[in-house]
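Close look at the chain arrangement
Here is how the chains run, residue by residue.
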Amino acid sequence: MLCYCKKCGRIVLLLFDQDEKICDCCKSEVFPIPEQYLNSEFSIKEELEQQFIDEYIKTSPEFDQYLFDHRKEILAKQSIKFEAALEHGKTILEGRDKGNKFGVECPYCHATNVKKITNTSKAVHTAIFGIFSVSRNSKQWHCNQCNSDF
């Protein structure tokens, strides 16, 4: 179903089973485009597109000229953030594939060769070093690269 946003003027294609009818640009509610402006469920008639924008979008009380004029830039920024998040997730998953099953990185040397400090290890350390092991026992990870605990 082809829908439009009254605030930024974005025209979006929503899937039939999609519950949320939200604009991907400005996060406002979107509404179905009237049938007289449609070629099909997936496209608007080119010769009537400007008329539709003038009659339905620009006359809406929610219409925001700035958002309308800068939709492409806003969507480009969102796309860059999305790509960066995907890349970060990919890096974490690749780290897991290379033996770092935890997806944790040392904050000091950025190595992924880490191991979890077990409760047994903490208990043994406390038995040996007593009160001097309190600071170590609050740590969860040990870096095998730089031998730091974090």
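Coordinates for the structure precede this section.
Presented here is a report on the structure given in the accompanying data block. Note that the coordinates shown come from a computational prediction; the quantities given were computed from them, not determined experimentally.

Our focus in this paragraph is the overall build of the protein. Each helix and strand counted, the protein has five helices and seven strands in total. The order of helices and strands in the protein, counted from the N terminus, is β-β-β-β-β-α-α-α-β-α-α-β. Burial statistics for the protein: of 150 residues in total, 27% are counted as buried. Taking the contacts inside the protein whose residues are at least 6 apart along the sequence as the reference set, 50% of them involve residues at least 24 apart. Split by element, the accessible area of the protein, about 10500 Å² in all, is 55% carbon and sulfur.

Before going further, it helps to spend a moment on the packing of aromatic side chains. Aromatic ring pairs: the centre-centre distance and the angle between the two ring planes describe each pair. What the rule picks out here adds up to seven aromatic pairs. Summarising the aromatic geometry, the rings of Tyr4 and Phe31 are spaced 6.3 Å apart at their centres and angled 50 degrees between planes, so their arrangement reads as tilted. Placement of the pair is Tyr4 in strand β1 (residues 2–5) and Phe31 in strand β3 (residues 30–32), with a sequence separation of 27 residues. Aromatic pair Phe52 and Tyr56: ring centres 5.2 Å apart, planes at 25 degrees, arrangement stacked. Placement of both Phe52 and Tyr56 in helix α1 (residues 46–57) is noted, with a separation of four residues, approximately one turn of the helix. One aromatic cluster is present, built from ring pairs that chain together Tyr4, Phe31, Tyr37, Phe52 and Tyr56.

We now examine the pattern of salt bridges. Per the counting criterion, the structure on display carries one salt bridge. Its salt-bridge partner being Asp24, residue Arg10 comes within 2.8 Å of it at the nearest N-O pair. With Arg10 in the loop between β1 and β2 (11–13) and Asp24 in the loop between β2 and β3, the pair connects residues that are 14 residues apart, well separated along the chain.

Take Glu47: it is sitting in helix α1. The class for Glu47 is exposed, based on a relative accessible area of 62%. Separated by 10 residues in sequence, Glu47 and Tyr37 have C-alpha atoms that sit 9.0 Å apart.

Let us look at the sheet that holds β1. Judged by pairing direction, the sheet is antiparallel, and its three strands sit side by side in the order β2-β1-β3 without closing on themselves. Strands at the two margins of the open sheet, each flanked by one partner only, are β2 and β3. Taken pair by pair, the neighbouring strands of this sheet meet at an average axis angle of 40 degrees, ignoring direction. Running over the sheet, α1 touches β1 and β2 and is turned about 50 degrees from β1.

Attention shifts here to the side chain of Ser148. In this fold, Ser148 is placed in the segment after β7 (141–143). Excluding anything up to four places from it in sequence, Ser148 contacts Cys106, Tyr108, Trp141, His142 and Cys143.

A few words now on the state of the cysteines. Within this structure, the stated rule accounts for zero disulfides. Between Cys8, a free cysteine, and Cys23, which holds the nearest cysteine sulfur, the sulfur-to-sulfur gap is 3.5 Å. Assessed through its relative accessible area of 0%, Cys8 is described here as buried. The thiol of Cys146 is unpaired, and the distance to the nearest cysteine sulfur, on Cys143, comes to 3.7 Å. Looking at Cys146, the relative accessible area reads 35%, which means it is partly exposed.

About the criteria used
- Residues numbered from 1 in each chain as written.
- Predicted model: local features only at pLDDT ≥ 70, side-chain atom pairs only at ≥ 80, totals over all residues.
- Heavy atoms only, no water.
- Helix = DSSP H or I, 4+ residues; strand = E, 2+ residues; numbered from the N terminus.
- Buried < 20%, exposed > 50% of the residue type's maximum accessible area, 1.4 Å probe, protein only.
- Contact = heavy atoms within 4.5 Å.
- Areas by Shrake-Rupley, 256 points an atom, 1.4 Å probe, with all protein chains shown as cover.
- Phe/Tyr/Trp six-rings, centres within 6.5 Å; stacked < 30°, edge-to-face > 60°.
- Salt bridge = Lys/Arg side-chain N within 4 Å of Asp/Glu carboxyl O.
- Pairing = 2+ DSSP bridges.
- Axes fitted to C-alpha atoms, helices over the stretch in contact; angles between N-to-C directions.
- Disulfide = S-S within 2.5 Å.

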